[in-house]
Amino acid sequence: MTDERHRERQQRLKEKVEARVSQAQETRGILLVLTGNGKGKTTAAFGTATRAVGHGKKVGVIQFIKGQWPNGERNLLEPHGVEFQVMATGFTWNTQDRESDTAACLSVWQHAKRMLADESLDLVILDELTYMVAYDYLPLEDVLNALRNRPHNQTVIITGRGCHRDILDMADTVSELRPVKHAFDAGVKAQIGIDY
């Protein structure tokens, strides 16, 4: 390809991008869903949280299906004013106690509802929320109402596999991570600071 053809192609691309940017004029918070069977949903959400904090935004985090093991993201973000509320019961396949898991979920959900009503929070992460809806630990309509009635400028990120269709329909942005290859499948142990 000649330099001239390259410049022409890049100019056309620039014009398309600038046209799309000029059309996007609405300012409001968005609902972002990170779903799929691939690794990296929570990591992506915390990348956004780190970016938000770096720009002086206020962030709150709710973690479902997390235990009490070390959490590098929390170690980094909590000293910067990020509130964490963690279900702290661990994986539901370990607890195997539906009643206890439901109670723990509903307890941390109260903090989520508080955050979703807090106009001072720019970003709320609902990590692994999809499982709570799928396992029927949380009433879907309660979740939808809290999302629907959140402050106008608040962005919410929901992570987890198998996101309910009604949440997907409500979302502004949905990204699906798909597995191509995973070290764990080859017998490589999860590593602190890399995998969690």
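Relevant structure appears above.
Note that the structure is a prediction, hence the values are computed from the model and not measured.

(A) Region of interest: the environment of His 164. Following the sequence through the fold, His 164 ends up in the loop between strand S5 (155-159) and helix H8 (165-170). Assessed through its relative accessible area of 32%, His 164 is described here as partly exposed. Distance in space between the C-alpha atoms of His 164 and Tyr 131 is 9.2 Å, their sequence separation being 33 residues. Setting aside chain neighbours within four positions, we find His 164 in contact with Val 133 and Leu 140.

(B) Quick peek at the nonpolar core. Within the largest apolar cluster, 32 residues are counted, with the highest numbers of intra-cluster contacts made by Phe 64, Trp 109, Leu 126, Met 132, Ile 158 and Ile 167. Every element with two or more residues in this core is listed here: strand S1 (31-35), helix H5 (98-116), strand S4 (123-127), helix H6 (129-134), helix H7 (140-148) and S5. The element best represented in this core is H5, accounting for 7 residues. Not counting residues up to four positions away in its chain, the partners in contact with Trp 109 are Phe 64, Leu 116, Leu 129, Leu 138, Asp 142, Val 143 and Ala 146.

(C) Representation of the sheet that holds strand S3 (residues 83-86) within the structure. Strand order across the open sheet formed by 6 strands is S3-S2-S4-S5-S1-S6, with parallel pairing between neighbours. For this open sheet the edge positions go to S3 and strand S6 (173-176), each flanked by a neighbour on one side alone. Neighbouring strand axes in the sheet, compared pairwise and without regard to direction, differ in orientation by 10° on average. Strands strand S2 (59-63), S3, S4 and S5 of the sheet are contacted by H5, whose axis makes an angle of about 150° with S3.

(D) Local environment of the packing of H5 against H7. Where H5 contacts H7, the axes come no closer than 9 Å and their chain directions differ by 25°. By the criterion of interaxial angle, the relationship of H5 to H7 is roughly parallel. Every pair of crossing elements has a handedness; the one defined by H5 and H7 is left-handed. Residue-level contacts link Trp 109, Lys 113 and Leu 116 of H5 to Asp 142, Val 143, Ala 146 and Leu 147 of H7. Looking at side-chain class alone, the contact of H5 with H7 contains 5 nonpolar, no polar and 2 charged residues.

About the cut-offs
Residues numbered from 1 in each chain as written. Predicted model: local features only at pLDDT ≥ 70, side-chain atom pairs only at ≥ 80, totals over all residues. Heavy atoms only, no water. Helix = DSSP H or I, 4+ residues; strand = E, 2+ residues; numbered from the N terminus. Buried < 20%, exposed > 50% of the residue type's maximum accessible area, 1.4 Å probe, protein only. Contact = heavy atoms within 4.5 Å. Core = buried A, V, L, I, M, F, W, Y, C linked by side-chain atoms within 4.5 Å. Pairing = 2+ DSSP bridges. Axes fitted to C-alpha atoms, helices over the stretch in contact; angles between N-to-C directions. Parallel < 35°, antiparallel > 145°, perpendicular 65-115°, else oblique. Left-handed = near helix turned anticlockwise from the far one by under 90°. Nonpolar A, V, L, I, M, F, W, Y, C, P; charged D, E, K, R; others polar.

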